[in-house]
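The primary structure of each chain is shown beneath.
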Amino acid sequence: MSKEPVAVVGIGQTKHAAARRDVSIAGLVREAARRALDDAELTWADVDAVVIGKAPDFFEGVMMPELYLADALGAVGKPMLRVHTAGSVGGSTALVAANLVAARVHRTVLTLAFEKQSESNAMWGLSLPIPFQQPLLAGAGGFFAPHVRAYMRRSGAPDTVGSLVAYKDRRNALKNPYAHLHEHDITLEKVQSSPMLWDPIRYSETCPSSDGACAMILTDRAGAARAPRPPAWMLGGAMRSEPTLFAGKDAVSPRAGKDCAADVYRQAGVTDPRRDIDAVEMYVPFSWYEPMWLENLGFADEGEGWKLTEAGVTELDGDLPVNMSGGVLSANPIGASGMIRFAEAALQVRGQAGEHQVERARRVLGHAYGGGSQFFSMWLVGAAAPES
Amino acid sequence: MTSEEPSGVRDIAVVAFAQTDVRRTTDELSEVEMLMPVLHSVLDRTGLKTADMDFTCSGSSDYLAGRAFSFTLALDGVGAWPPISESHVEMDGAWALYEAWTKLLTGDADTALVYSYGKSSPGSVRDVLTRQLDPYYVAPLWPDSVALAALQAQALIDAGDTDEPALAAIGARSRRVATLNSRAQLRGSVPQGDYVVRPLRTGDCPPVGDGAAAVILAAGERARALCSRPAWIRGIDHRIEAHALGVRDLTDSPSTRLAAEKAGAFERPVDTAELHAPFSAQEVVLRKALRLNDSVRVNLSGGALAANPMMAAGLIRIGEAAARIHRGESDRALAHATSGPCLQQNLVAVLEGEPR
């Protein structure tokens, strides 16, 4: 049976910031949703269903907030789904929404992901004690730092690579008006001399805590034909999950990530990602994850990812730009971060990315991961509609 | 089908269902330990293994578990190795089933495992549910779930739609028929009790309990191979209403009616209905919205008044309806799930068995 092609015709983001005290949670999500509708030149009445995602409810202290947000997102009288797949949720939410269109259950779907971290304390939210379990008191950085060290040992990467990524992403963010961090005086030396938090991860190599939301309007072929601006076409999308911890888990390059990418490439007819894909928005909350994911996603052989970063391949004007928007390192409203990757990929192929636009971006990958590097969601979007 | 245009879509069925006993407390079990036997049971019914599933989707709530990312531990229990195509909704498992159904409709998957679970016993579920409310204006006042349901019940009484003896009869009937359901928590003769919040008495309120459920979906010929009488999903839809109670008519459930219409529930009569009505008065609202007359067998399982494990109770309604079709006790059944205060969000599925 054939699936309906899925097009992105509207994209909206909030200005991400440490604390958006000017808006409620409802105000924040509505800001992104309105911008997505305006981009698509559609109204609330044109939306058939709403699919919303965010990371844990404890991050704001609101249980199942889709109930409270139904009014703000124009969902009254419509279907509304709430997705939660840890840090990958922004990507998963978009894929669940895309499936509603692909399955021809609905024609036009609003999908949105958010986090308003200033409402509560994410470190507390992640550190609630669980009986008989090792507490994660060090936060996410403490969990991921040993995996980075394992990568450095395995690949022989020099310890300068992480700071190169952070320096690049923070400079890219200066070209993205929605990015949280705009460090106009950033230098490589400043990154390298920032305090060590979880060796080898320095302060300037970590993501900020942000308030923010991202929304997209997904529609079918007929909806795309009516769109006022070029659509981005979904060429492939997939999710993969594996257990948190088990003997034999490769925390540096999880198999779930490889399988997920392979599924997306198969759907999109990608045989050589390095050649067939023009740019990547990947989920890099700690700088070293750029070279790690370059390998996991098949852009470099095992142990070779850092060489692409070091050679400047992933710079905005490089051969394979990575995180043109500034990435998670420059704005991290956790639940929204995956969807921002997906949306920025779509912006690129629509030619709508403004100052951080990559020339000739025809096929761009959006990537998200979550949990203990165990949940993955990805999509590949293109400027041209899929052939099938 | 819910789409605006007819489409030659594939047939998808519930082919297996399993659930735990629902109990007031399960202190000796973690959520994963509670869930594992159900997963094994539902897989055993089809002879399938986790690795045979094209898609897996679950529903649960971090707030009940008291920790962030609580569903990750359940995934460990599923045995997601080699890695699986998997997703999770922070909703009742009925909505996880809806997500799985759309996945099967795309043709990307032929089989799906759906599960959900919840333990209400570690905390006070009345207090916990207040955290679902508008966080700025309502939640700080801590209006609890029974108090809100009591508003709805009083509105129905004031409108002349029911009275206290009629509500008591709903509770009594639910627990009487639940004597035939070994999984139910409250069974047999249960006193109506004192007022909890007027006009609701203990007998009008659901028991607080822990439980889990799992369902397997399959498409087309796979369904026929896995089940002698598959419960075909003829339609499934869900709708949400405004959150603020002040802008809703609590005596009606327009979202249920619309979901039922989109799911095709009104096209032909159903013989069976499983309604997720945690409070007796909500059954009155739902029967009206769904136009169920006395010829329809409603909640033969005992419904949510006999067992209401949070996050699983809606999926259990679908499972119970499907199981009746599997056993040949129903030919066309309606299943309903709800979420949010006073029936804010509602899902309706229509299931059918092939003619015998």
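Here is what the cut-offs are and how they apply
Residues numbered from 1 in each chain as written. Chains lettered and ligands numbered in written order. Predicted model: local features only at pLDDT ≥ 70, side-chain atom pairs only at ≥ 80, totals over all residues. Heavy atoms only, no water. Helix = DSSP H or I, 4+ residues; strand = E, 2+ residues; numbered from the N terminus. Rg over C-alpha atoms; globule rule 2.2 N^0.38 Å. Buried < 20%, exposed > 50% of the residue type's maximum accessible area, 1.4 Å probe, protein only. Contact = heavy atoms within 4.5 Å. Areas by Shrake-Rupley, 256 points an atom, 1.4 Å probe, with all protein chains shown as cover. Buried area = accessible area lost by both parts, 1.4 Å probe. Salt bridge = Lys/Arg side-chain N within 4 Å of Asp/Glu carboxyl O. Nonpolar A, V, L, I, M, F, W, Y, C, P; charged D, E, K, R; others polar. Polar contact = N/O pair within 3.5 Å; in protein donor to acceptor, adjacent residues only side chain to side chain. Pairing = 2+ DSSP bridges. Axes fitted to C-alpha atoms, helices over the stretch in contact; angles between N-to-C directions. Core = buried A, V, L, I, M, F, W, Y, C linked by side-chain atoms within 4.5 Å. pLDDT = per-residue confidence, 0-100. Phe/Tyr/Trp six-rings, centres within 6.5 Å; stacked < 30°, edge-to-face > 60°. Expected span 1.5 Å × (residues − 1).

Caption draft 1: Main features of the overall build of chain B. Along chain B, the regular secondary structure elements total 11 helices and 12 strands. Its C-alpha atoms give chain B a radius of gyration of 19 Å, within 12% of the compact-globule value 21 Å for 356 residues. Expressed as lengths along the three principal axes of its C-alpha atoms, the size of chain B is roughly 50 × 45 × 40 Å. A buried classification covers 66% of the 356 residues belonging to chain B. For chain B, long-range pairs separated by at least 24 residues make up 78% of all intrachain contacts whose partners lie at least 6 apart in sequence. If you sum the accessible surface of chain B, you get close to 12,100 Å²; carbon and sulfur atoms cover 51% of it.

Caption draft 2: Main features of the interface of chain B and chain A. Facing the 60 residues of chain B at the interface are 56 residues of chain A. When residues of chain B are sorted by the area they lose upon contact with chain A, Y63, Y136 and I240 of chain B head the list and together hold 12% of the total. Here chain B and chain A share 1 salt bridge between them. A salt bridge links K3 of chain A to D108 of chain B; the nearest nitrogen and oxygen atoms lie 3.0 Å apart. Counting only elements with at least two residues in the side of chain B that touches chain A, the list comes to α2 (62–65), α3 (71–78), β3 (86–89), α4 (93–105), α5 (125–129) and β8 (231–240) of chain B. Tallying contributions element by element places α4 of chain B first for the side of chain B that touches chain A, with 7 residues. In the side of chain B that touches chain A, the residues fall into 27 nonpolar, 18 polar and 15 charged.

Caption draft 3: Here's a closer look at the side chain of R229 of chain B. Residue and element names in this part refer to chain B. Relative to the assigned elements, R229 resides in the loop between α8 (220–226) and β8. Judged by relative accessible area, which is 8%, R229 ranks as buried. Looking at R229, its side chain comes within polar contact range of the main-chain oxygen of S330, at 2.9 Å. Discounting residues that sit within four places of it in the chain, R229 has contacts with I325, H326, G328, S330, D331, G353, E354 and R356.

Caption draft 4: View of the pairing of β3 of chain B. All names here are of chain B. Alternating residues of β3 divide into E86 and H88 and S87 and V89, and every residue in both groups is buried. Across 4 bridges, strand β2 (residues 55–59) lies against β3 in parallel orientation. Of the residues in β3, the one forming a bridge with G59 is V89.

Caption draft 5: Main features of the environment of R30 of chain A. Residue and element names in this part refer to chain A. Considering the arrangement of structural elements, one finds R30 in helix α1 (residues 25–40). Residues R30 and L69, 39 residues apart in the sequence, show an inter-C-alpha distance of 9.1 Å. Setting aside residues no more than four positions away along its own chain, R30 makes contact with W44, D71 and A72.

Caption draft 6: Geometry of the packing of α4 of chain B against helix α11 (residues 313–326) of chain B. As a packed pair, α4 of chain B and α11 of chain B sit with axes 6 Å apart at the nearest point and diverge in direction by 60°. On α11 of chain B, the residues touching G93, A94 and L97 of chain B of α4 of chain B are G314, L315 and I318 of chain B.

Caption draft 7: View of the nonpolar core. By size, the foremost hydrophobic cluster in this structure holds 100 residues, and its most contacted members are L73 and L365 of chain A. Per-element tally for this core: the top contributor is α1 of chain A, with 9 residues. Residues within four places of L73 of chain A in sequence aside, it is in contact with V29, A33, W44, V50, I52, M80, L110 and L112 of chain A. A94, A336 and A343 of chain A together with A112 of chain B belong to the second-largest nonpolar core, a separate cluster that totals 84 residues.

Caption draft 8: Spatial organisation of the confidence of the model for chain B. The share of residues in chain B with pLDDT of 70 or more is 98%, and the mean pLDDT across the chain is 95. The complex model carries a pTM of 0.97, and its ipTM stands at 0.97.

Caption draft 9: A look at unusual backbone geometry. All names here are of chain B. A cis amide bond links W81 with the next residue in sequence, P82, at an omega value of -5°. Its place among the elements puts P82 in the loop between α3 and β3. Note that the residue after R198, namely P199, is joined by a cis bond; omega there is 0°. Of note, P199 is situated in the loop between β5 (195–197) and β6 (200–201). At R291, a position not held by glycine, the phi torsion is positive, near 55°. With respect to the element layout, R291 can be found in the loop between α10 (280–289) and β10 (297–298). A positive phi angle, close to 75°, is found at M311, a residue other than glycine. Structurally, M311 is set in the loop between β10 and α11.

Caption draft 10: Spatial organisation of the packing of aromatic side chains. All names here are of chain A. In total, this model carries 19 aromatic pairs over all chains according to the counting rule given. Relative to Y289, the ring of F144 has its centre 5.6 Å away and its plane inclined at 85°; by these criteria the two rings are edge-to-face. With a gap of 145 residues between them, F144 in helix α5 (residues 139–155) and Y289 in helix α11 (residues 289–296) connect regions that are remote in the sequence. According to the relative accessible area criterion, Y289 is buried, its value standing at 0%.

Caption draft 11: Structural context of the side chain of D169 of chain A. Examined against the element boundaries, D169 of chain A turns out to sit in helix α6 (residues 161–173). When neighbours within four sequence positions are excluded, D169 of chain A is seen to be in contact with E290, V322, N323, G326, L329 and S330 of chain A.

Caption draft 12: Representation of the pairing of strand β4 (residues 108–116) of chain A within the structure. Residues and elements named next belong to chain A. Of all 9 residues that make up β4, 9 are buried, and the element is covered over most of its length. The side-chain alternation of β4 yields two buried faces, one formed by T108, L110, L112, F114 and K116 and the other by V109, T111, A113 and E115. Both strand β2 (residues 49–53) and β4 contribute to a ladder of 5 bridges, which runs parallel. From the neighbouring strand, I52 faces β4, where its bridge partner is L112. Alignment of β4 against strand β7 (residues 211–219), held across 9 bridges, turns out to be antiparallel. Considered in β7, the bridge of E115 is made with G212.

Caption draft 13: Summary view of α1 of chain A. Residues and elements named next belong to chain A. In this model, α1 (16 residues) spans 23 Å end to end at C-alpha, consistent with the 22 Å of a helix rising 1.5 Å per residue. Its buried side turned inward, α1 meets β1 (7–13), α2 (66–69), β4, β7 and α13 (334–350). Of the residues that open α1, the one with a side-chain oxygen 3.3 Å from the backbone nitrogen of A26 is S24. Taken from the residues just after α1, E41 is the one with a positive phi, measuring 50°.

Caption draft 14: Representation of α4 of chain B in the model. All names here are of chain B. Its 13 residues give α4 an end-to-end C-alpha distance of 18 Å, which sits within 8% of 18 Å, the value for a rise of 1.5 Å per residue. Among the 13 residues that make up α4, 13 are buried, leaving the element largely enclosed by the rest of the structure. You can read the cap of α4 off the contacts: a side-chain oxygen lies 2.8 Å from the backbone nitrogen of A94, and it is on D92. Positioned one or two residues after α4, G107 has a phi angle of 90°, which is positive.

Caption draft 15: Representation of the pattern of salt bridges in the model. All names here are of chain B. By the definition in use, this model includes 56 salt bridges over all chains. The partner of R257 in a salt bridge is D252, and the shortest N-O contact between them spans 2.8 Å. In this structure, R297 and D271 form a salt bridge, with 3.5 Å as the shortest nitrogen-oxygen distance. One end of the pair, R297, is in strand β10; the other, D271, is in the loop between α9 (254–262) and β9 (272–274), and 26 residues separate them in sequence. Its relative accessible area of 35% is what places R297 among the partly exposed residues. Through salt bridges with shared partners, one network takes in D11, R234, R268, R332 and E352.

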